[in-house]
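# Observations on the model geometry
Spelled out from the first residue to the last, the chains are:
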Amino acid sequence: MHSTRKVTEDLIYVGGSDRRLSRFENLFPIPRGVSYNSYVLLDEKTVLMDTADDSISRQFLENVTYALGGRALDYLVVQHMEPDHCAMIDVLLCRYPEAKLVCSAKALGMLGQFYGLDAQERALVVAEGDKLSTGRHTLHFMMAPMVHWPEVMVTYDEVSKVLFTADAFGTFGALAGNIFDDEIDFNSVWMNDARRYYTNIVGKYGAQVQMLLKKASALDIETICPLHGPVWRGNLGLLLEKYQKWSTYEPEDKAVMIAYASMYGNTENAANVLANLLADRGVRDIAMYDVSETDVSELVAESFRCSHLVLASPTYNGGLYPRMESFLADIKALNLQKRTVALLENGTWAPVAAKHMRAMLEGMKEMTVLEGSVAIKSALADSQIASLEALADEIASQIKA
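Owing to the predicted nature of the structure, the values given are computational and were not obtained by experimental measurement. (Residues numbered from 1 in each chain as written. Predicted model: local features only at pLDDT ≥ 70, side-chain atom pairs only at ≥ 80, totals over all residues. Heavy atoms only, no water.)

### Remarks on the overall build of the protein chain
Operational definition: For the purposes of this entry, the term helix denotes a DSSP run of H or I that reaches at least four residues, the term strand denotes a run of E that reaches at least two, and both are numbered from the N terminus. With a 1.4 Å probe rolled over the protein chains alone, any residue whose accessible area is under 20% of its type maximum counts as buried; one over 50% counts as exposed, and the rest are partly exposed. The contact criterion used is simple: two residues touch if any of their non-hydrogen atoms lie within 4.5 Å. The protein chains shown are the only cover counted for residues, whose accessible areas, like all others here, come from Shrake-Rupley with a 1.4 Å probe. As used throughout, the charge tally considers Lys and Arg to be positive and Asp and Glu to be negative, leaving His and the chain termini uncounted. Working definition for charges: the position is that of NZ of Lys, CZ of Arg, CG of Asp or CD of Glu.
Secondary structure assignment for the protein chain yields twelve helices and 23 strands. Expressed as lengths along the three principal axes of its C-alpha atoms, the size of the protein chain is roughly 80 × 40 × 40 Å. Burial status across the protein chain gives 56% buried among its 401 residues. Here the analysis covers contacts within the protein chain between residues at least 6 apart in sequence; of these, 72% occur between residues at least 24 apart. If you sum the accessible surface of the protein chain, you get close to 16800 Å²; carbon and sulfur atoms cover 48% of it. Taken as two groups, the 37 positive and 52 negative side-chain charges of the protein chain have centres that lie 1 Å from each other.

### Points about the sheet that holds strand β11 (residues 123–125)
The strands making up a sheet associate through hydrogen bonds between their backbones, and the pairing can be parallel or antiparallel. To keep things clear, this is the line we draw: The pairing criterion is simple: DSSP has to find at least two bridges between the two strands. The axes used here are C-alpha line fits, helices contributing only the stretch in contact, and every angle between their N-to-C directions lies in the interval 0 to 180 degrees.
Spatially, the seven strands line up as an open sheet ordered β1-β2-β7-β8-β9-β10-β11, and their pairing is mixed. Each having just a single partner strand, β1 (5–8) and β11 make up the two edges of the open sheet. Going from strand to strand, the sheet's axes swing by 25° on average, the running direction of each strand aside. Here helix α1 (residues 57–68) sits on the sheet in contact with β2 (11–13), β7 (39–42) and β8 (46–49), set at roughly 10° to β7. Along the sheet, helix α4 (residues 105–115) contacts β10 (100–103) and β11; its crossing angle with β10, the most-contacted strand, is approximately 120°.

### Examining the nonpolar core
Defined as follows: What we call a nonpolar core is a set of buried Ala, Val, Leu, Ile, Met, Phe, Trp, Tyr and Cys residues that are connected through their side-chain atoms within 4.5 Å.
In terms of nonpolar packing, the biggest core is built from 89 residues, with F60, L92 and L101 touching the most fellow members. Of the residues forming this core, the biggest block, eight residues, is contributed by helix α5 (residues 186–202). Grouped together as the second largest cluster of nonpolar side chains are 30 residues, Y249, M257, A259 and F304 included.

### Regarding the sheet that holds strand β16 (residues 223–225)
Pairing in this open sheet of five strands is mixed, and the strands run β12-β13-β14-β15-β16 from one edge to the other. Of all the strands in the sheet, the pair left with one neighbour each is β12 (131–133) and β16. The sheet shows a mean angle of 20° between the axes of neighbouring strands, taken without regard to direction. Relative to β16, strand β15 (residues 162–164) runs parallel, the two being bridged by three bridges. Across the sheet, residue V162 finds its bridge partner in β16, namely T223.

### Points about empty space enclosed by the protein
Threshold: Grid spacing is 1 Å over the protein atoms alone, the probe is 1.4 Å, and a cavity is where that probe fits but cannot get out, while a pocket is an open set with protein on both sides within 12 Å along at least five of seven lines and lining residues have an atom within 4 Å of a point. Grid points are joined across faces, edges and corners, and a volume is the space filled by probe spheres set on the points.
Per the counting criterion, the structure on display carries two cavities of 30 Å³ or more. Roughly 60 Å³ of internal volume is contained in the largest cavity. Taken together, M143, A144, P145, V147, Q208, M211, L212 and K215 form the lining of the largest cavity. Per-element tally for the lining of the largest cavity: the top contributor is helix α6 (residues 206–217), with four residues.

### Structural notes on the packing of α5 against helix α7 (residues 236–248)
As a reminder, the rule being used: Here is the rule for handedness: rotate from the far helix to the near one, and if that takes an anticlockwise turn smaller than a right angle the crossing is left-handed, while a clockwise turn gives right-handed.
At a minimum axis separation of 12 Å, α5 and α7 run at an interaxial angle of 35°. For the crossing formed where α5 meets α7, the hand is right-handed. Residue-level contacts link F186, N187, M191, A194, R195 and Y198 of α5 to L238, K242, Y243, W246 and S247 of α7.

### Some points on the pattern of salt bridges
Note on pairing: side chains with opposite charge can pair once their charged atoms come close. Our working definition: Basic side-chain nitrogens of Lys or Arg form a salt bridge, by our definition, when they fall within 4 Å of a carboxyl oxygen of Asp or Glu.
What the rule picks out here adds up to 19 salt bridges. The partner of R305 in a salt bridge is E302, with the nearest N and O atoms 2.6 Å apart. Highlighted residues: R305 and E302, both in helix α9 (residues 296–305), separated by three residues, approximately one helical turn. The buried category is assigned to R305, whose relative accessible area is 13%. In the salt-bridge network here, residues are joined through shared partners; they are R5, D182, E183 and R233.

### A look at α9
With respect to burial, α9 is a largely interior element, eight of its ten residues being buried. Those residues of α9 not exposed but buried are S297, L299, V300, A301, E302, S303, F304 and R305.

### A word on the pairing of strand β14 (residues 153–157)
Each regular strand displays side chains that alternate between the two surfaces of the sheet. Burial runs high along β14: five of the five residues are buried. Burial of the side chains of β14 extends over both faces: M153, T155 and D157 are buried on one face and V154 and Y156 on the other. Here strand β13 (residues 138–143) runs beside β14; their pairing, made up of five bridges, is antiparallel. Paired with L139 across the bridge in β14 is D157. What sits between the antiparallel neighbours β14 and β15 is a turn of four residues, in which K161 has the positive phi angle 60°.

Structure, rendered in structure tokens:
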């Protein structure tokens, strides 16, 4: 049985959701699952926008068959060649032997790499600004390299004012019938997954996302159809505002995130004392995470959200605690910048964690590291409360300014 929904009068959602997968890309936890979106356009010519992951192959093929209603498939548009969207290409090309493959030159090369397919004779290779008429509709193709793979393109339907955006504007989370943003509580239920999806997968490529946003700003868009997550038709402004901030690395919130590593609870205790001091000074909604217990994708997402970071770590083998070092390596790789950072270190005989954290932060762009890191030896002493109070004063004054 099919599980399709109309996006517009002649555009049909034919994707599906996977609630069994535990980690996206075998890396990021997805407790709410994930959707794989695909769309069929019915015109004088029929068009399928991308395929899906193998995990939903049966549902996807049933949906496509139903949507086509006995018609042949004329065009298969491939906007992104990552396997969670292209796994069914070979099956579709066999089922619909007359279908033309519409893709970028780089996508065509990747098709051979993944599946050993030589689809040159069946391919319509398009470049920036090319158009395809399907009858009443005209599709415009725009290249979006490194959002977040080099072959990516997006497609604009000028008649329906729909932008198909590949992985851009996507989010983790399975869909449950309500496929549109105005049918769900996006802010309270979906926003964290949208932020975690963007920051961990696309976050490194802010400049490339900015180029795509510039292209999109010249279009009259009423609907955004990504390859993951809800279809946007109600509050496009919210989505575009978030992408503008995320892709320029501007903090979403004037807020404090405390990320600590602690072996026996002493560094954690110092972090808790600092949090209480910040709260006493009127700082609200403080976010605190144990880097050993919190998945690094959550830490990355919160680092993109918050303006101020407090990093608290013990010294370990004369260096930095491994989980803290991994977290810092991730935010550096993802190009995080424009944050204010305070450092708190612990060490029983030779505390050097702050030195190592500072060195990693200095390799990142526009990171302001507050002077005078707080160093404790083994456990927080009464004589060090004044140093924590001074740090709390400085952070609170900036947050409340």
